[in-house]
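Overview (structure and organization)
So you can see what is in the structure, the chains are spelled out below.
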Amino acid sequence: MGEATPLLELRGVSKRFGAVEALTKVDFTARLGEVMALVGDNGAGKSTLIKGIAGIHTYNEGQIFFDAKPVTINSPRDSAALGIEVVYQDLALADNLDVVANMFLGHERTQAMGMLDEDSMERTCIETLQSLSVTTLRSVRQEISGLSGGQRQAVAVAKAVMRNSRLVILDEPTAALGVAQTRQVLDLVRRLADKGLAVVLISHNLHDIFEVADRITVLRLGQNVHEFMAQQTNPQEVVHAITAGKMLHVPGMAEVEIQ
Amino acid sequence: MKTTPSSPGSGLAPATAPASGSRFAQYMQRMRSGELGSLPIILGLILIVIVFQVQNQNFLTPRNFVNLIVQMAGITTIAIGVVYVLLLGEIDLSIGYVSAVAAVSMALLLREPISLPWPLAVVVALLVAAAVGALHGSIITRFQVPSFVVTLAGLLAWNGVVLILMQGAGTVIIQDQTVLNIANAYLPPALGWALALGGVALFAYSQFTNVRARNQRGLTNRSTAITIVQVALVALLSLGAVYFANLDRGVPFIGLLLLILLAAFSVLATRTKFGRYVYAIGGNKEAARRAGINVERIRVMVFMISSVMAGVGGIILASRLRSVDTAAGGGNLLINSIAAAVIGGTSLFGGRGKVSSAFLGALIIASIENGMGLLNLSAGEKFVITGLVLLAAVLVDATSRRGQGGAKR
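Residues numbered from 1 in each chain as written. Chains lettered and ligands numbered in written order. Predicted model: local features only at pLDDT ≥ 70, side-chain atom pairs only at ≥ 80, totals over all residues. Heavy atoms only, no water.

A closer look at the domain arrangement of chain B
As a reminder of what qualifies: For the domains described, the bounds stem from an automatic or database domain assignment.
If you check the domain split of chain B, you get domain 1 (68-185 + 254-337 + 344-360) and domain 2 (186-251). Averaged C-alpha coordinates put domain 1 of chain B and domain 2 of chain B at centres separated by 29 Å.

Structure representation (structure tokens):
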């Protein structure tokens, strides 16, 4: 876990919605091969930060570096072109389609005369799931409606990984899962990083975070509080940062930089 | 009577059991989980045939069989478009009068003083229908209004357009022999046999090459025995149908046209990107949008398909009646077409259904009407019975959805 150059680096990004300052000069990094956890109380700005990376909205100020080069992300398409995939909480899977159809939705492979190349897609789908060691699926021809929450999460993650993505952002992947399924998803998250991807994990569950994360970024009221190395801290410290961390900027006040 | 060619790779067949388990076990599990497939429809059809045959010996005769094919043709064609609209989770109430607009346009173009040749008249009529569908679809997507309301307005407005086009004439007779042949010509017996054999051979070839391709790629497969049984069943049904029809006037041309339409729209639904997107939008519109699918464009195209198929159905009905009149597109045409798709197993809630359900549902509706006609039942009794069958189909749909674990939307 050396100091690899970050794959994604945000420097001093801010986002305002009218008079509301949702993010104030936030720094954030994600490194290849590492799981970066993003934590914070409700309204701390986690979603706002992620949406900026995903291209759902753009930051008002600040810089984004990807592969050490400055980039602009103005739309989800820009984000996808960089190799950033976001797995949202609602997963966005079509219940009535099977696993293969969902994994390739919008990116179907075709053969002669525009016919879908089902066999090729099925093969790639099986290979992707195997590479992630997802063994809980009995058949890739199962409809999503017949899958458990953990299996759905696995399909959504596999879908994100299959697009040759380099940065995968997971929004509360274990929020609605039972114990065994949470276990499976956390293992999957760890494997993504071990495969060399950069992973950002948003979660409220510190227990989950300490199991898989390498670093932890704490947001509070739209500002960075601290970036911890997971092995050099403990849950108490992180909880303290979430609830009472010291902020550099006072919201609502004129900018009086103390530097 | 070849139904839609289904392949193991169609991707829409749910398999809730292990892929390696026996097909029968999978089938039983699917039944228990509420995914009833075509089973209730086929059982219902057998029941209907038995009831009518016991009541009247004329029901299961070659003559009536051929009549039935011609009678169901219009509804089946319109119902194919309805299936697509229902797959999106939308509804199109205008199809009855849109079919009449197309039929009346064609009849007027064929007649003096315009006297267009038939291919031109048919194409223009279908273009008119396509434009109507594009209009409906654009209004629905641009202003984000429910398709129910827009097509309800269409129902009224296009009825008015039919009356205006007819300009007070009660009836326009169709004299073009080719157009009349659409619903009134029969294939010579030898041609019927040749087409049936060719169709079965093609079906068998595609099935077996598919099995082999999957084996080569190391994908899980159906057993060869299942495939052989499937091919044998298709062969038996299609050859039996040709034999039966040849005892009377032969296979109606319209029967062949129906099979081609059903096969083509099945392939479009299950084997192309477009079809996949239709199912995806019906299943989860937001997921489809996030996958980069142009949802609004697909919706407009589906409403165009709906109107064009209504137009084709209208032309078939006009050909069968040898004329169009001011009542064209009225009566229970709309209700029967939508009922056919639903009775055939296409869900009203979107995302679930097959093109073949248009055929199965229309077959049931046409059989009931035909059989009750033979029994000299009144129009009132016919409506009540058809209504009850529709109700039963919707109840089966609703209960089987509940079995799928709260997929309600």
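Picking up after the structure, the text goes on.
Re the sheet that holds strand 10 (residues 223-229) of chain A
Residues and elements named next belong to chain A. The condition is simple: In short, DSSP must find at least two bridges between two strands for them to pair. The secondary structure listing takes helices from DSSP runs of H or I that are at least 4 residues long and strands from runs of E that are at least 2 residues long, numbered from the N terminus. For every element, the axis is a line fit to its C-alpha atoms; helices are fit only across the contacting stretch, and the angle between N-to-C directions ranges from 0 to 180 degrees. Contact definition: two residues touch when any of their heavy atoms are within 4.5 Å.
Strands sit in the order 6-7-8-3-9-10 across an open sheet of six strands; the sheet is mixed. Single-partner strands in this sheet number two, and they are strand 6 (84-87) and strand 10. Neighbour to neighbour, the strand axes of the sheet diverge by 20° on average, direction disregarded. Looking at chain direction, strand 3 (residues 35-39) and strand 9 (residues 215-220) are connected through four bridges and run parallel. In the strand pairing of strand 9, L38 is matched with T217. Strand contacts of helix 1 (residues 46-54): strand 3, strand 6, strand 7 (167-171), strand 8 (198-202) and strand 9, with the helix running at about 135° to strand 3, the strand carrying the most contacts.

Considerations on the domain arrangement of chain A
All names here are of chain A. Operational definition: Joining two parts hides part of their accessible area as seen by a 1.4 Å probe, and the buried area is that hidden amount summed over both. Between Lys or Arg on one side and Asp or Glu on the other, a salt bridge is scored when a side-chain nitrogen of the former is within 4 Å of a carboxyl oxygen of the latter. Contacts described as polar in this section are N or O atom pairs within 3.5 Å, which, within protein, must combine one atom able to donate a hydrogen with one able to accept it, while residues neighboring in sequence count only if both atoms come from side chains.
Split into domains, chain A comes out as domain 1 (1-83 + 166-259) and domain 2 (95-164). Placing a centre on the C-alpha atoms of domain 1 and another on those of domain 2 gives a separation of 28 Å. Tallying the contact residues gives 13 residues for domain 1 and 14 residues for domain 2. Area buried by domain 1 at its contact with domain 2 is led by L188, R191 and K195, which between them contribute 39% of it. Between the two partners, domain 1 and domain 2, sit zero salt bridges. Our enumeration of links across domain 1 and domain 2 arrives at three residue pairs in polar contact (both at pLDDT 80 or more). Going through the elements one at a time, strand 7 and helix 6 (179-194) are the ones with two or more residues in the side of domain 1 that touches domain 2. The dominant element in the side of domain 1 that touches domain 2, judged by the number of residues it contributes, is helix 6, at six residues.

Here's the deal with the packing of aromatic side chains
Residue and element names in this part refer to chain B. For clarity, the threshold we go by: Working definition: rings of Phe, Tyr and Trp (its six-membered ring) pair if their centres are within 6.5 Å, and the pair is stacked with planes under 30 degrees apart, edge-to-face with planes over 60 apart, and tilted otherwise. Each residue is placed in one exposure class: buried if its accessible area under a 1.4 Å probe, protein chains only, is under 20% of its type's maximum, exposed if it is over 50%, and partly exposed if it falls in between.
Scanning the model with the defined rule gives three aromatic pairs over all chains in all. Look at Y84 and F265: their rings are 5.9 Å apart centre to centre, the planes differ by 80°, and that puts the pair in the edge-to-face class. In this pair, Y84 sits in helix 3 (residues 62-87) while F265 sits in helix 10 (residues 253-271), placing the two residues 181 residues apart along the sequence. What makes Y84 buried here is its relative accessible area of 0%.

Here we look at the pairing of strand 3 of chain A
All names here are of chain A. Of all five residues making up strand 3, five are buried, and the element is well covered by its neighbours. Because side chains alternate across strand 3, one face comprises the buried residues V35, A37 and V39, and the other comprises M36 and L38, equally buried. Where strand 3 meets strand 8, four bridges bridge the pair, whose relative direction is parallel. Bridging across to strand 8, M36 finds its partner in V200.

A short note on the interface of chain B and chain A
Of the residues lining the interface, 36 residues belong to chain B; the matching set on chain A comes to 31 residues. Interface area lost by chain B to chain A is led by R217, R276 and R290 of chain B, which between them contribute 21%. Across the chain B-chain A interface, the total number found is eleven residue pairs in polar contact (both at pLDDT 80 or more). Those elements that place two or more of their residues in the side of chain B that touches chain A are helix 8 (189-216), helix 10, helix 11 (273-283) and helix 12 (285-290) of chain B. Looking at the side of chain B that touches chain A element by element, the count peaks at six residues for helix 11 of chain B.

Some points on the packing of helix 8 of chain B against helix 9 (residues 224-246) of chain B
Residue and element names in this part refer to chain B. Here is the rule we go by: Small angles under 35 degrees read as roughly parallel and large ones over 145 as roughly antiparallel, with 65 to 115 read as roughly perpendicular and the rest as oblique. Each residue is assigned to one class: nonpolar for Ala, Val, Leu, Ile, Met, Phe, Trp, Tyr, Cys and Pro, charged for Asp, Glu, Lys and Arg, and polar for all the others, Gly among them.
For the pair helix 8 and helix 9, interaxial distance at closest approach is 10 Å and the crossing angle is 170°. Classified by the interaxial angle, the pair formed by helix 8 and helix 9 is roughly antiparallel. For the pair helix 8 and helix 9, contact is made by P189, G192, W193, A196, L197, V200, F203, A204, Q207, F208 and V211 and by T224, T227, I228, Q230, V231, V234, A235, S238, L239, V242, Y243 and N246, respectively. Class assignment for the residues of the contact of helix 8 with helix 9 results in 16 nonpolar, seven polar and no charged.

Focus on the confidence of the model for chain B
Residue and element names in this part refer to chain B. The criterion, for reference: The pLDDT value tells you how sure the predictor is about a given residue, anywhere from 0 up to 100.
Here chain B averages 87 in pLDDT, and 89% of its residues register 70 or above. Considering only residues more than four positions removed or in separate chains, one finds that residues 1-21, a stretch of pLDDT under 50, has 57 contacts. Counting interchain partners and residues more than four positions distant, the pLDDT-below-50 stretch residues 405-409 has eight contacts.

A short note on the environment of E9 of chain A
Residue and element names in this part refer to chain A. Note on placement: E9 falls in strand 1 (residues 8-17). Distance from E9 to L201, taken between C-alpha atoms, is 16 Å for residues 192 residues apart in sequence. Discounting residues that sit within four places of it in the chain, E9 has contacts with F28, T29, Q63, I64 and F65. One polar contact links E9 to R11, side chain to side chain, over a distance of 3.2 Å.

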